[in-house]
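# Residue-level structure breakdown
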Amino acid sequence: MKNTQRQLSSSFVKLCERLSSDINGEDKNKDLAAVFTYMDANRDGRISAEELKKSFKTLGEQLSDEEAETAVKLSDLDGDGMLDFEEFAQLLKGGDEFTEEEKKSKIMEAFRMYIAEGEDCITPRSLKMMLMKLGESRTTDDCVVMIKAFDLNADGVLSFDEFALMVMR
């Protein structure tokens, strides 16, 4: 169980925090551009979820398909499924320039990916189904543990507010 909870710790959040804390002063844009160029493996000027995941792996960090997809989805302002430089820079800044309504909208969009039709929360079953779609096989028990880690009211499911707190941490 502790191993599963450790897997929940977001490599993505950790690496972004490390990168953004190293970026300051006059070299900020230059450093961001260098990181972006490194992650843009095919040099098309955009970073896909797969490129993001592979970049993290070469940096010694693990990023699941789910984390990579969610990161891109939350930061993809133009809806093309990729991160251009501005979207990437915004991702590393933590979304400070988004209004609260824009942040809530992006989080709601990601939340809807994990709920089953007709439901208003993330259940172990709906989480398992979404993870399978993303190519990550988990048991229902694994999903119960994942949800439990962020289930503030101990009802066995994740509400939008609980999901938002998880994403914003």
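I will try to describe carefully the structure that is included in this document. Predicted, not measured: the structure shown is a model, and the values here were computed from it.

## Comments concerning the overall build of the chain
Scanning the chain from terminus to terminus reveals 10 helices and zero strands. Counted from the first residue to the last, the chain has its helices and strands arranged as α-α-α-α-α-α-α-α-α-α. Of all 169 residues assigned to the chain, the portion counted as buried reaches 44%. Considering only contacts in the chain between residues 6 or more positions apart, those separated by 24 or more positions represent 51%. Carbon together with sulfur atoms contributes 51% to the accessible area of the chain, which is approximately 9900 Å² in total.

## Topic: unusual backbone geometry
Trans peptide bonds make up the majority, and among non-glycine residues the majority have a negative phi. The backbone phi angle of Arg 43 is positive, close to 60°, even though this residue is not glycine. Among the residues examined, Arg 43 registers a relative accessible area of 53% and is labelled exposed. Even without glycine at this site, Ala 154 takes up a positive phi of about 55°. Looking at where Ala 154 falls in the secondary structure, it is placed in the loop between helix 9 (140-148) and helix 10 (160-168).

## Details of the environment of Glu 162
Mapped onto the secondary structure, Glu 162 falls in helix 10. In the structure, Glu 162 is positioned 11 residues away from Asp 151 in sequence and 6.5 Å away in space, judged by C-alpha atoms. Among the polar contacts made by the side chain of Glu 162, one reaches the main-chain amide nitrogen of Asn 153 at a distance of 3.2 Å.

## Some points on the pattern of salt bridges
Counted by the stated rule, this structure contains five salt bridges. In this structure, Asp 44 and Arg 46 form a salt bridge, with 3.9 Å as the shortest nitrogen-oxygen distance. Residue classification places Asp 44 among the partly exposed residues on the basis of a relative accessible area of 34%. Between Glu 136 and Arg 138 there is a salt bridge; the shortest N-O distance is 2.7 Å. Connected through salt bridges with shared partners, the residues Asp 44, Arg 46 and Asp 80 form a single ionic network.

About the cut-offs
Residues numbered from 1 in each chain as written. Predicted model: local features only at pLDDT ≥ 70, side-chain atom pairs only at ≥ 80, totals over all residues. Heavy atoms only, no water. Helix = DSSP H or I, 4+ residues; strand = E, 2+ residues; numbered from the N terminus. Buried < 20%, exposed > 50% of the residue type's maximum accessible area, 1.4 Å probe, protein only. Contact = heavy atoms within 4.5 Å. Areas by Shrake-Rupley, 256 points an atom, 1.4 Å probe, with all protein chains shown as cover. Polar contact = N/O pair within 3.5 Å; in protein donor to acceptor, adjacent residues only side chain to side chain. Salt bridge = Lys/Arg side-chain N within 4 Å of Asp/Glu carboxyl O.

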